[in-house]
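Now for the letters of each chain:
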Amino acid sequence: MEQINTDQLKKAFHQEMINLCKRRNQELKYKSTRLLDFINKYGGYEAAVKYITTESNVQDFTILWENERLDLSVEALITKPQYTSLFLEDIVTYCDQKLKQYSYAPNKVEEAEEKDDDFEKMLDDIFSDMDSEASQEIAKIKAEVKPYTLYNKDLGITKEEWKEIFVKINVFSAKNQDLVLRVHLMGSGIEAADLASEEGYTATYPFKEVVLALAKRIKANLKIDAPVGNDGKIIWWHMLFIGGFKDNTCFEWTVRPELSAAIDELVAEGKVSLDGITVKAHKETELPEVTKEEKVVENKTLMGRPVKPKRSVPQTLDELVDALLGDVVNNSEPVKETPAKVEIEPVVTNEMPKVENIKVQEEPQVMVQLLVAQESTKVGKEDKIAEEIAKSLAHLKEEQEAQKPLKADEIAYNKAKAACIEYYGAICDLCGFDYGYTYGEAFENQIEVHNVHSQDEVEVMENTDPIKDLIPVCHNCHGVIHSQKPPILIEKMRQMIKA
């Protein structure tokens, strides 16, 4: 009987997990694609256990926290009284503590601060018993030693790039902008304690999680590599700040100079407002030296022989001809002539020596055959290269003839598709298939888009809104939609997938 109740409870939990994704989409316009993948793969109960420890959940949780909707988190669902019996006590405790931390727990923070104060007082008492010189030296060492590594890596993000993305609401949310602007106004070497005194920030503010989600959006938008620390792990906060980080209560940050310069220009141009943003603290600290990522130098030898440098790919017919003919000239080695051997046959006699006839030794028959073979090989090689040239030219000509200017409707489709993917991401709105995650960012554009209001084959029309009318769909779902006339409605597709 208990097993039946547990199975029924798991089914109810599974349905609530699906409703959770739907509500996030409907109420926050936020798509939890990775969570939906987990649910489809493992079922709601197992998906919840596996998902709460993933980076995807960190990002989801941060977005929900920023929107003050932690009620839509997986952790909140697990801690509901009717479902706690499904999970191990450690899991429920973990979720409960995480929710309390993000919902502010001043009592716990105060207790921790009191303990820290007691520890500091104990150190002060020890120092007071020492002579002043030793005490000053220890205090100096204590101030210089930091519990984190300082980073100042050059990521190559320009001021213009920062200006462009800082005002994109799908990258920098209002809360993201507020945090960066405050650190910018406060100066350099800003610590958690400095920000905790600012309006809207407390000692329990999840700086790491908020910045991690933002940094991932920046990386995806700029198509750059994230910085890596000395331990080989990605340091997401370093996308925006230079300095060091231990945890949400111990760090020092300075806004990157290029981002800081971009903010100054945006404010001067009136594109970013500082109204309502006032800071209580201002600091200036010495910044760590700028370092660049080490690049692997290519080995110029292979098995003791020099490696030929790579050449650029020919873009035109003329360039292709020059490149291929260059190979013929460069690869054709001249035949070396073997010098004739001269032999003088001396004659021993009492008479005056006579100059004998000089005989030129003829080349052996084997050598003659070798030279002929070399010439034949050379001619054969040149014929083969010429044949390859002809094939390449024919293929290139076919490609050029096939490249015709796009029609107006094709241009409109591509433009609308790009705007749709820019807003929603390259993730199927129906089944959750993620092109970038599966194949890599280079193939994100392979996803298709579908007009939810169109009843024919035409997806993009003159008045089509890429945000309101279009949704990204994978090839499979799109094929099923248009397998009937008129196309299958989106709601019916969702029911089919859910079933």
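Up top is the structure these notes are about.
Residues numbered from 1 in each chain as written. Predicted model: local features only at pLDDT ≥ 70, side-chain atom pairs only at ≥ 80, totals over all residues. Heavy atoms only, no water.

Before we go on, may I ask you to explain the packing of helix α10 (residues 174–186) against helix α13 (residues 257–268) in this structure?
Between two packed helices, the angle of one axis relative to the other and the distance separating the axes together describe the packing. Closest axis-to-axis distance for the α10/α13 pair is 11 Å, and the angle between their directions is 100°. With respect to their mutual orientation, α10 and α13 come out roughly perpendicular. Together, Val180, Leu181 and His184 of α10 and Leu259, Ser260, Ile263 and Asp264 of α13 make up the contact between the two elements. Of the residues assigned to the contact of α10 with α13, the class counts are four nonpolar, two polar and one charged. (Axes fitted to C-alpha atoms, helices over the stretch in contact; angles between N-to-C directions. Helix = DSSP H or I, 4+ residues; strand = E, 2+ residues; numbered from the N terminus. Parallel < 35°, antiparallel > 145°, perpendicular 65-115°, else oblique. Contact = heavy atoms within 4.5 Å. Nonpolar A, V, L, I, M, F, W, Y, C, P; charged D, E, K, R; others polar.)

Where do I start with the packing of aromatic side chains in this structure?
One pair of aromatic rings is described through two measures. These are the centre distance and the angle between the planes. Per the counting criterion, the structure on display carries 18 aromatic pairs. Taking the centre distance of 5.3 Å and the plane angle of 65° together, the rings of Phe13 and Phe87 count as edge-to-face. A residue pair is termed long-range when its members are at least 10 positions apart, and Phe13 in helix α1 (residues 2–28) and Phe87 in the loop between α5 (74–78) and α6 (89–102) qualify at 74 residues. Here Phe13 and Phe87 have matching classes, each one buried. (Phe/Tyr/Trp six-rings, centres within 6.5 Å; stacked < 30°, edge-to-face > 60°. Buried < 20%, exposed > 50% of the residue type's maximum accessible area, 1.4 Å probe, protein only.)

For this particular structure, what's the right way to read the sheet that holds strand β1 (residues 190–191)?
Within a sheet, adjacent strands bond to each other through the backbone by hydrogen bonds, running parallel or antiparallel. Sheet architecture is open: three strands sit in the order β1-β3-β2, paired in antiparallel fashion. Strands at the two margins of the open sheet, each flanked by one partner only, are β1 and β2 (241–247). The pairing of β2 with strand β3 (residues 250–255) spans six bridges and is antiparallel. Considered in β3, the bridge of Asp247 is made with Cys250. (Pairing = 2+ DSSP bridges.)

Please explain unusual backbone geometry as it appears in this structure.
A negative phi angle characterises most non-glycine residues, just as the trans form characterises most peptide bonds. Note that the residue after Lys485, namely Pro486, is joined by a cis bond; omega there is 0°. Following the sequence through the fold, Pro486 ends up in the loop between α18 (475–481) and α19 (490–498). Unusually for a residue other than glycine, Lys29 sits at a positive phi of about 55°. As for its position among the elements, Lys29 is in the loop between α1 and α2 (33–42). Looking at Lys29, the relative accessible area reads 63%, which means it is exposed.

For this particular structure, what's the right way to read the pattern of salt bridges?
Charged atoms that come close allow side chains of opposite charge to pair. Summed over the entire model, instances satisfying the criterion amount to 19 salt bridges. The closest approach of N and O atoms between Lys163 and Glu265, which form a salt bridge, is 3.0 Å. Highlighted residues: Lys163 in helix α9 (residues 159–166) and Glu265 in helix α13, separated in sequence by 102 residues. Classification of Glu265 as partly exposed rests on a relative accessible area of 28%. One salt-bridge network, held together by shared partners, links Lys159, Lys163, Glu265, Glu269 and Lys271. (Salt bridge = Lys/Arg side-chain N within 4 Å of Asp/Glu carboxyl O.)

Is there a simple way to explain the pairing of strand β9 (residues 470–473) in this structure?
Two faces belong to every sheet, and in a regular strand the side chains alternate between them. Where burial is concerned, the two faces of β9 agree: the one with Leu470 and Pro472 and the one with Ile471 and Val473 are both buried. Judged from the four bridges that link them, strand β8 (residues 448–451) and β9 form a sheet pairing that is antiparallel. Bridge pairing in β9 links Glu448 to Val473.

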